[in-house]
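# Chain and residue survey
Residue-level listing of the chains:
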Amino acid sequence: MSLTLAQRLDRLKVRVAELESWKVRATAPLSVIVFEGAPIEIGSPWPLKDGLVHFSLEGCVPADWPLSETCLSLDLGGESLIAIACDGGEPVSYGLDPYHQSFPLSGRNFKVTTETVARLPFGEPVRRPHVNRAELRLSEPSVEALWLLVTQVIEAVSVLDGHDVVPHLIAASEDTLRGLDWPSSTADYIARTAGSEGQQKIWQLPDMIEAPAGLNQAERATVVAAYDALIARLEALQQRFPPEGEIGLTGHAHIDLAWLWPYGETRRKTRRTFSTAVSMMEASKDFRFNQSTAHYYAQVAEDDPALFEKIAERVRSGQWETLGGSWVEPDTNMPTGESLTRQYLYGQRFFQKTFGIRHDICWQPDCFGFTGALPQLLKQAGIRSFFTIKVNWSETNHIPSDLFWWEGLDGSRVLAHTFDNPMQGYNGFVRPDCHVPTWRNFREKALHPETLLCVGYGDGGGGPTPEMVTREKQLRVFPTLPKARWTCVKDFFDRAHGTAKDKKLSVWQGEIYLELHRGTLTSQSIVKRLHRKAERALITAETAASLAHLLGAPKPESLEPAWRTVLKNEFHDILPGSSIHEVYEDAAEELGGVIDTGLKTQAAALDAIAEALPKAAGERLLVVNPSLDVRPIRLTLENGAIVSSAETLPPLAVAVVEAEALKPAGSLSVSRTHLENDILRVTIAADGSIASILHKPTGREALDGYGNRLMAYPVDKPRNWDAWDIEGDYAERGEEITDLQSLEVVEEGPNRVAIRLVRRFRSSAITQVLSLAAGARRVDIKTTLDWHDRRVFLRTLTAVNARSRNATAECAYGVVTRPTHTNTSWDAAMFEAAAHRFLDLSEPDFGLALLNDAKYGHSVRDNVLGLSLLRSPVYPDPLADEGEQTFTYALMPHAGPWHDGGVREEADDLNQPLLARSVTGLAAGVYQPVVTEGIPAALSVLKPTEEGDGLILRVWEPAGRRGDFGLSVGDGWAVGEPVTILEEPMDNPARGLRPFEVKSWRLCKA
């Protein structure tokens, strides 16, 4: 009777499973196992499981066991870094996890020490950890090789279903297995197969011998012959059915800097993973491994200098590929442009100094979307290629290419590649049923003959396994399958650039929006605000200290150590809010420390400025404008007093003014139902929302019925990824928060008026202070949440009396448009998207902007602007945003489009007020060490150079204009040629500024 191909495949699976029971010839349990100084037996529970614990083990390889066929097999009940010292030699380290449990021995007498945690790779606690296994194993290499080879044939047949090669592969394997002489002695056979799936289902197994015999020499010889015969058959088939496609394999271990474990555990994960990778390189010269993230290398150099030196040696040999160029793999939706600049400035400088390498590949496999500012920054950092796979996670629409030019806001282009591996994405495997679908999914195969594939266990680290190396060698002879070889990522992209020179690739312009994980723009909003404040504290500190230097003070010290802390906390599972509670405790402490450093540096800069200015008797105010905007002098003084004057301060200027001369900028009035100044009249509804904002200069009503309507959505319960996702139908169940507990006037001028409202929602309280300063163009809404409800989404909605197909959202170094409609599936999918400090909806002559000092999640549908204030998921942090937090948002009507109406300038003011302090003995005057002229530009930073003397002034064009732009500096200083973000001369810089261009100049002493 003839069998179908499917039936023959099933038979192969059964017969290859038999081989597995003979892969180990003999075992010998270790007799010396010590847990924290006390003996422990195999099978025993740990006496304690919290924190880091230590095992020590000793053993001796039997004299008749060949060392080359002997390994140490361990499962201690958690993850470990183990160090094995053989015959008194230097210890060799390895990572122990569920995927790496077998370790070679270089001598017969050995000692093992461990650092162990009762956790699995994804942070899951091992509730009842036991010493599960600690034994020596004498392997049967020929059986292992044949088992793996036939297994790969089965995997190939399964994924090549319907291909002409399939019957030949099955027949070759059948012939191979028929050629084996296999043991059949009852006692030995039953004992060896007892652990198999089928035997484990038997009601009661018979008594079994403890040490069943393995293969004899004759039987072993048939295995060797069968392996050689199958290799020969596969080679012959490859001539008839040549490989279809080509895959570049790169060993990889995606290690989240923090996620479902705290950072302290990450430090151990990196040592475990890197030790494993180094050991695999010692066993295989072909194997290649890549690792991004300057922070990890700095961390390992500190924690394990010996391991770091081994890595450096492998980098020099070309087996270990450092790449990425950034300090970490950051979120790119939320950091400022200056933060992203520092990722590459400090990352590239570290790699250059440490390894003598400057990278030309941006490595971002797992981030949740990408700002359109990135290509320009990459090009300025010397990076010409970009890699990710996360775009394949979009649920509705997909970028139509996987090898394409990505064009940024300013027109800069980098070559982008992504692959679609359905078998664990960037945590891929070396196996036919991973390679074939990855190649099939490669859409640009008609233009380029190769795609990339990362292989190795990841997210929680671990990396490739020795079996993957063996698999790659075996697959070299297979027919039909894509040719898959170890490669360096740089070599892959060099080949791709060769194709891009000769063939026309598609272009994707602007932001890469991920249609998933939209909730990460809001989750853990307390830390998001601390991050915003930390960024701003450092930028302002550098700017103020540099102004002091221009006025005669010494060159400021670098704030790189503080910046490194900010950059670390921009990692793509920290800043997005998708980590466990302990991660945010650490982040809050670290970012709080950065803020303190920034504020202290600002104070020292004001001291230095004061010391450099002309002296005169009397008490006055020292005011510093750390922006490129003309700013009204609007201050909160050291005694808490408010100043809102009509006087202005030029960009990057220092002023010493008479406090008495700072008169309120016009009249104010307030009652329980309104706030009013010379520009705005704000009417408060009975429920505490805003009923009207009248813009007096134009006579236009800014609202279409309501503003600042607080909405709670208590069905914020996504299908998956609780902290990450927002469902598209979340608004189907919304509750307006109308439980107004109190409303009172709390400020009555002359510089500011304010009303305080207190609302309740279930177990939580919302306190808002609506304030309007004299002469102000915006109404501020300072909000304090005391939150004690789970799985609720809190938002504010404002209906604008304007109509447009698109709204404008600020992003890093520019703006993007957001559709107000749902014409296409792409438009409909963008129901929640990132904006930095403002979202604006305008007609040509009028509009309204929603400003904020701490938020990122926004929406716009029809004429309604939405700002997401808080989410309270329960996984992976059951207490996300529990408790109190304070932030401010604002509503700003304006004449004309946003860029003429002063929207960005007001956002600057909201996020970074002028610096001021009372001084004695300084003469009144205004000092402007740097003067700009030409089209409007925004300040990124004024900072000390990283090398040598001088300063760096960095600006960006914020609105899409093109025109002249120039600088002049005071006596004793000169403006140098433009430089890149790496502070190196820029090739052929254009005059002036182009749309959304980022440009830096070196300022030097003349």
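About the criteria used
- Residues numbered from 1 in each chain as written.
- Predicted model: local features only at pLDDT ≥ 70, side-chain atom pairs only at ≥ 80, totals over all residues.
- Heavy atoms only, no water.
- UniProt positions renumbered as here; feature names shortened; annotations may be inferred.
- Helix = DSSP H or I, 4+ residues; strand = E, 2+ residues; numbered from the N terminus.
- Rg over C-alpha atoms; globule rule 2.2 N^0.38 Å.
- Buried < 20%, exposed > 50% of the residue type's maximum accessible area, 1.4 Å probe, protein only.
- Contact = heavy atoms within 4.5 Å.
- Lys, Arg positive; Asp, Glu negative; His and termini not counted.
- Charge placed at Lys NZ, Arg CZ, Asp CG, Glu CD.
- Pairing = 2+ DSSP bridges.
- Patch = residues over 30% accessible without salt bridge, like charges linked within 9 Å, V, L, I, M, F, W, Y side chains within 5 Å.
- Areas by Shrake-Rupley, 256 points an atom, 1.4 Å probe, with all protein chains shown as cover.
- Salt bridge = Lys/Arg side-chain N within 4 Å of Asp/Glu carboxyl O.
- Domains from an automatic or database assignment.
- Buried area = accessible area lost by both parts, 1.4 Å probe.
- 1 Å grid on protein atoms, 1.4 Å probe; cavity = no way out; pocket = protein on both sides within 12 Å on 5 of 7 lines; lining within 4 Å.
- Points joined across faces, edges and corners; volume = space filled by probe spheres on them.
- Nonpolar A, V, L, I, M, F, W, Y, C, P; charged D, E, K, R; others polar.
- Phe/Tyr/Trp six-rings, centres within 6.5 Å; stacked < 30°, edge-to-face > 60°.
- Lys NZ or Arg CZ within 6 Å of the ring centre and 35° of its normal.
- Axes fitted to C-alpha atoms, helices over the stretch in contact; angles between N-to-C directions.
- Core = buried A, V, L, I, M, F, W, Y, C linked by side-chain atoms within 4.5 Å.

By the naming in an unreviewed UniProt entry, the protein goes by Alpha-mannosidase and is assigned to Pleomorphomonas diazotrophica. UniProt's Sequence similarities (unreviewed entry) comment on the protein is quoted here verbatim: "Belongs to the glycosyl hydrolase 38 family."

## Remarks on the overall build of the protein
When its secondary structure is counted, the protein shows 18 helices and 52 strands. Expected size for 1006 residues packed as a compact globule is a radius of gyration near 30 Å; at 33 Å, the protein falls within 12% of this value. Once the C-alpha set of the protein is aligned to its principal axes, its extents read approximately 105 × 65 × 60 Å. Burial status across the protein gives 61% buried among its 1006 residues. Once local pairs closer than 6 in sequence are excluded, the contacts in the protein between residues at least 24 apart make up 74%. Measuring between centres, the 104 positive side-chain charges of the protein sit 2 Å from its 134 negative side-chain charges.

## Section: the pairing of strand E43 (residues 864-871)
In terms of burial, E43 is largely enclosed, as eight of its eight residues are buried. Bridge analysis of strand E36 (residues 793-799) against E43 gives seven bridges, and the strand direction is antiparallel. The residue of E43 that forms the bridge with Leu794 is Leu870. The pairing of strand E42 (residues 857-861) with E43 spans four bridges and is antiparallel. Across the sheet, residue Val860 finds its bridge partner in E43, namely Leu865. With antiparallel pairing between neighbouring strands as the criterion, E42 and E43 make up a hairpin whose turn holds two residues, including Asp862 at a positive phi of roughly 55°.

## Remarks on a positive patch on the surface
On the surface, Lys49, Arg119, Arg127 and Arg128 cluster together into a positively charged patch. Here Arg119 lies in the loop between strand E9 (109-117) and strand E10 (133-139). Using a relative accessible area of 36% as the deciding quantity, one classes Arg119 as partly exposed.

## Observations concerning the domain arrangement of the protein
With domains assigned, the protein is organised as domain 1 (5-22 + 143-240), domain 2 (24-139), domain 3 (246-516), domain 4 (517-612), domain 5 (669-897) and domain 6 (929-1005). Of note, the centres of domain 1 and domain 3, computed from C-alpha atoms alone, are 36 Å apart. With 20 residues of domain 1 in contact, the opposing surface of domain 3 contributes 18 residues. Buried area between domain 1 and domain 3, summed over both chains or domains, comes out near 1,600 Å², and the portion from carbon and sulfur atoms is 63%.

## Comments concerning empty space enclosed by the protein
On inspection of all chains with the given rule, the structure shows 11 cavities of 30 Å³ or more. Its volume calculated, the largest cavity comes out at about 100 Å³. Forming the walls of the largest cavity are 15 residues, and the residues nearest its centre are Asn333, Phe368, Tyr513, Leu514 and Leu521. Here the residues of the lining of the largest cavity sort into eight nonpolar, four polar and three charged. Viewed by domain, the lining of the largest cavity spans two of them, domain 3 (246-516) and domain 4 (517-612), each represented by three or more residues. The calculated volume of the second largest cavity comes to roughly 80 Å³.

## A word on the UniProt feature "domain: Glycoside hydrolase family 38 central" (unreviewed entry) in the protein
Annotation from UniProt places "domain: Glycoside hydrolase family 38 central" (unreviewed entry) at residues 515-591. Between the end C-alpha atoms of residues 515-591 there is a gap of 29 Å, over a span that is 60% helix and 0% strand.

## What about the environment of Glu313?
Mapped onto the elements of the fold, Glu313 is located in helix H8 (residues 305-317). The partly exposed category is assigned to Glu313, whose relative accessible area is 45%. Placed 468 residues apart in sequence, Glu313 and Ile781 show a C-alpha to C-alpha distance of 57 Å.

## Examining unusual backbone geometry
In this structure, the amide linkage connecting Gly749 to the following residue, Pro750, adopts the cis form with an omega of 10°. For Pro750, the location among the structural elements is in the loop between strand E32 (740-748) and strand E33 (752-761). Across the junction of Tyr875 and Pro876, the peptide omega takes the value 5°, indicating a cis bond. Following the sequence through the fold, Pro876 ends up in the loop between E43 and strand E44 (883-895). Of note, the phi angle at Asp87 is positive, near 50°, even though the residue is not glycine.

## Quick word on the sheet that holds strand E2 (residues 32-35)
Ordered in space as E3-E2-E4-E9-E6-E7, the six strands form an open sheet in which the pairing is antiparallel. Two strands bound the open sheet, and with one partner strand each, they are strand E3 (38-39) and strand E7 (92-96). Both strand E6 (residues 79-86) and E9 contribute to a ladder of eight bridges, which runs antiparallel. Considered in E9, the bridge of Leu81 is made with Glu115.

## Some remarks on the packing of aromatic side chains
Within the structure shown, the criterion is met by 41 aromatic pairs. Ring centres of Trp721 and Trp724 lie 5.0 Å apart, and the angle between their planes is 75°; on these two criteria the pair is classed as edge-to-face. Considering the side-chain rings of Phe887 and Tyr889, the 6.4 Å spacing of their centres and the 25° angle between planes classify their relative orientation as stacked. Each member of the pair, Phe887 as well as Tyr889, is classed as buried. A network of ring pairs unites the aromatic residues Phe274, Phe287, Phe289, Tyr297, Phe308, Trp320, Trp327, Phe350, Phe351, Phe355 and Trp486 as a single cluster. The ring of Trp147 carries the charged tip of Lys23 above its face, separated from the ring centre by 3.6 Å.

## Regarding a negative patch on the surface
Negative charge collects at one region of the surface, where Glu582, Glu585, Asp586 and Glu589 lie side by side. Counting through the fold element by element, Glu585 comes out in helix H16 (residues 581-612).

## Quick look at the sheet that holds strand E46 (residues 925-927)
Taken together, four strands build an open sheet; the order of strands is E45-E21-E24-E46 and the sheet is antiparallel. The open sheet is flanked by strand E45 (915-922) and E46, the only strands paired with a single partner. Averaged over all neighbouring strand pairs, the angle between strand axes comes to 20°, with direction disregarded. Summarising the sheet, strand E21 (residues 615-624) and E45 pair through seven bridges and their orientation is antiparallel. Looking at E45, one finds that Leu622 is bridged to Arg917.

## Some words on the nonpolar core
By size, the foremost hydrophobic cluster in this structure holds 154 residues, and its most contacted members are Trp320 and Phe386. Every residue in contact with Trp320, bar those within four places of it in the chain, is listed here: Phe274, Ala277, Val278, Met281, Phe289, Gln291, Tyr297, Ile311, Arg314 and Val315. Ranked by size, the runner-up nonpolar core spans 50 residues in total, among them Leu703, Ile737, Leu841 and Leu865.

## Considering the side chain of Thr522
Mapped onto the elements of the fold, Thr522 is located in the loop between strand E20 (507-509) and helix H14 (525-550). Judged by its relative accessible area of 2%, Thr522 is buried. Thr522 has contacts with Lys528, Phe793, Glu832, Gly857, Ser868, Leu869, Leu870, Arg871 and Asp881, leaving out every residue within four places of it along the chain.

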